[in-house]
Amino acid sequence: MSLLEFKNVSYRYEADESDTIDNLSFSVEKGAFHSIIGISGCGKSTIFRIINGLLVPKNGEIKVGGESIKNRKNYCGYMPQKDMLFPWRTVGQNVALPLETTGGYSKKDRRELAENALADVGLSGCADKMPDELSGGMRQRAAFARTMLTGSDLLLLDEPFSALDFLTRISMQEWLLEQWEKHKKTILFITHDVEEAIFLSGSVFAVTDTPIKSLAEIKVPAEYPRTRECLTHPDMVSLREELIEVLRKQVKAE
């Protein structure tokens, strides 16, 4: 069953002479993990902004759970590249923001739910800390906990680990797979890192042309649960080189 359906969607920024997204259709099955790869500026993040309602397409339809997203709230959770934690609020208060926005929760309930969410991502005891007391990886975990508290089955993660150092990024990738397997959410994950894409994803959506008219879906030949050892398997090495070539061709076409 498709959780997300994109049907003949187009979008053009006011300053542009041509569409960024041109009659694009694709779907995402419930519980799936897909990465979207493509060169910088090709429109990957535009897809996310359309899904979460920050941008309104000029035509087409988007459905989540079989219903149009028009005039709906809390149908997806969005985690951008930067953690976006407000420095003047405690970590717990930052994590509880979706509950404040939704309404209907007492201050005590919000704190309890935020503390539970933080414990779930390995940040027990951090609710009263300030964001600048956390490391980069810890801040991203807090941002993920906040995204989870939207209560949405669909999570949009836009290059959430790109600013982290190499070892922290690897650790966060492994941690994210554990969270996905535990909570059974549907994840769309934007990345420039081909190896990250194939390690995390059941299949990869590759942007092959601009404007984006289609997404080439490429299955990843590895079963879950995964360890990083799978990246050394010949099929995975071949896939990595195939996807790198896809990106190279797109750069040359610019």
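Residues numbered from 1 in each chain as written. Predicted model: local features only at pLDDT ≥ 70, side-chain atom pairs only at ≥ 80, totals over all residues. Heavy atoms only, no water.

Quick notes on the layout of surface pockets
Then comes step 1: If you add up the space inside the largest pocket, you get close to 610 Å³.
Then comes step 2: Taken together, 20 residues form the lining of the largest pocket, with Cys 76, Gly 77, Tyr 78, Pro 98 and Thr 150 sitting closest to its centre.
Then comes step 3: Put simply, the parts of the chain that give the lining of the largest pocket at least two residues each are strand S6 (76-79), helix H3 (97-102) and helix H5 (136-148).
Then comes step 4: Partitioned by chemical class, the residues of the lining of the largest pocket number 9 nonpolar, 8 polar and 3 charged. (1 Å grid on protein atoms, 1.4 Å probe; cavity = no way out; pocket = protein on both sides within 12 Å on 5 of 7 lines; lining within 4 Å. Points joined across faces, edges and corners; volume = space filled by probe spheres on them. Helix = DSSP H or I, 4+ residues; strand = E, 2+ residues; numbered from the N terminus. Nonpolar A, V, L, I, M, F, W, Y, C, P; charged D, E, K, R; others polar.)

Observations concerning the packing of aromatic side chains
Then comes step 1: Summed over the entire model, instances satisfying the criterion amount to 10 aromatic pairs.
Then comes step 2: A ring pair is formed by Phe 86 and Trp 88, whose centres lie 4.9 Å apart and whose planes are at 25 degrees; its orientation type is stacked.
Then comes step 3: A residue is classified by how much of its surface remains accessible, and Trp 88, at 63% relative accessible area, is exposed.
Then comes step 4: Geometry around Tyr 224 places Arg 226 over its ring, the cationic atom sitting 4.0 Å from the centre. (Phe/Tyr/Trp six-rings, centres within 6.5 Å; stacked < 30°, edge-to-face > 60°. Buried < 20%, exposed > 50% of the residue type's maximum accessible area, 1.4 Å probe, protein only. Lys NZ or Arg CZ within 6 Å of the ring centre and 35° of its normal.)

Structural notes on the pattern of salt bridges
Then comes step 1: Tallied over the entire structure, the rule returns 16 salt bridges.
Then comes step 2: A salt bridge links Lys 219 to Glu 217; the shortest N-O distance between them is 3.4 Å.
Then comes step 3: Where salt bridges share partners, they join Glu 195, Arg 228, Arg 240 and Glu 241 into one cluster. (Salt bridge = Lys/Arg side-chain N within 4 Å of Asp/Glu carboxyl O.)

Looking at the nonpolar core
Then comes step 1: Core analysis: the biggest nonpolar cluster contains 50 residues, and Val 95, Phe 144 and Leu 176 have the highest contact counts within it.
Then comes step 2: Apart from the residues lying within four places of it in its own chain, the contact partners of Leu 176 are Phe 33, Phe 144, Leu 157, Phe 161, Ile 187, Phe 189 and Leu 200.
Then comes step 3: Within the second largest apolar cluster, 31 residues are counted, among which are Val 9, Leu 24, Ala 32 and Leu 215. (Core = buried A, V, L, I, M, F, W, Y, C linked by side-chain atoms within 4.5 Å. Contact = heavy atoms within 4.5 Å.)

Some points on the environment of Lys 129
Then comes step 1: Along the chain, Lys 129 turns up in the loop between helix H4 (107-120) and H5.
Then comes step 2: Measuring from C-alpha to C-alpha, the distance between Lys 129 and Leu 3 comes to 36 Å, with 126 residues separating the pair along the chain.
Then comes step 3: In this view, Lys 129 contacts Thr 90, Val 91 and Leu 134; residues no more than four positions away in its chain are not counted.

A closer look at the side chain of Gln 173
Then comes step 1: Position of Gln 173 relative to the elements: it lies in helix H6 (residues 166-183).
Then comes step 2: At a separation of 2.9 Å, a polar atom in the side chain of Gln 173 contacts the side chain of Glu 196.
Then comes step 3: In this structure the side chain of Gln 173 is engaged in a polar contact, spanning 2.9 Å, whose partner is the side chain of Arg 228.
Then comes step 4: Gln 173 has contacts with Phe 161, Glu 196, Phe 199, Leu 200 and Arg 228, leaving out every residue within four places of it along the chain. (Polar contact = N/O pair within 3.5 Å; in protein donor to acceptor, adjacent residues only side chain to side chain.)

Side note on the sheet that holds strand S7 (residues 154-158)
Sheet strands line up and pair through hydrogen bonds in the backbone, either parallel or antiparallel.
Then comes step 1: Taken in spatial order, the 6 strands line up as S6-S7-S8-S3-S9-S10 in an open sheet, and their pairing is mixed. Two strands bound the open sheet, and with one partner strand each, they are S6 and strand S10 (215-219). Adjacent strand axes in the sheet meet at a mean angle of 20 degrees when their direction is disregarded.
Then comes step 2: Here 4 bridges tie strand S3 (residues 33-37) to strand S9 (residues 203-207), and the two strands are oriented parallel to one another. Following the sheet pairing, Ser 35 is matched in S9 by Val 204. (Pairing = 2+ DSSP bridges. Axes fitted to C-alpha atoms, helices over the stretch in contact; angles between N-to-C directions.)

Focus on H6
Then comes step 1: Over its 18 residues, H6 extends 26 Å from the first C-alpha to the last, a length consistent with the 26 Å expected when each residue adds 1.5 Å.
Then comes step 2: The first or second residue beyond H6 is Lys 184, which carries a positive phi of 60 degrees. (Expected span 1.5 Å × (residues − 1).)

Let's talk about the sheet that holds strand S1 (residues 2-11)
Then comes step 1: Pairing is antiparallel across the open sheet formed by 4 strands, whose spatial order is S2-S1-S4-S5. The open sheet has two edge strands with one neighbour each: strand S2 (21-29) and strand S5 (67-68).
Then comes step 2: As defined by bridge partners, strand S4 (residues 59-64) adjoins S5 across 2 bridges and the pair is classed as antiparallel. Across the sheet, the residue bridging to Lys 63 is Ser 68, located in S5.
Then comes step 3: Against the sheet, helix H1 (residues 44-51) engages S1, S2 and S4, with an angle of about 110 degrees to S1.

Examining the pairing of S4
Then comes step 1: Pairing of S1 with S4, which is carried by 5 bridges, proceeds in the antiparallel orientation. Along S4, the bridge assignment pairs Leu 4 with Val 64.
Then comes step 2: Here S4 folds back onto S5, and the loop between the two strands holds 2 residues, one of which, Gly 65, carries a positive phi near 65 degrees.

Observations concerning the pairing of S3
Regular strands place their side chains on alternate faces of the sheet.
Then comes step 1: Most of S3 is tucked away, with 5 of its 5 residues classed as buried.
Then comes step 2: Here S3 shows two buried faces, one formed by Phe 33, Ser 35 and Ile 37 and the other by His 34 and Ile 36.
Then comes step 3: Where S3 lies against strand S8 (residues 186-190), 4 bridges are found, and the strand directions are parallel. Bridge pairing links Ile 36 to Ile 190 in S8.

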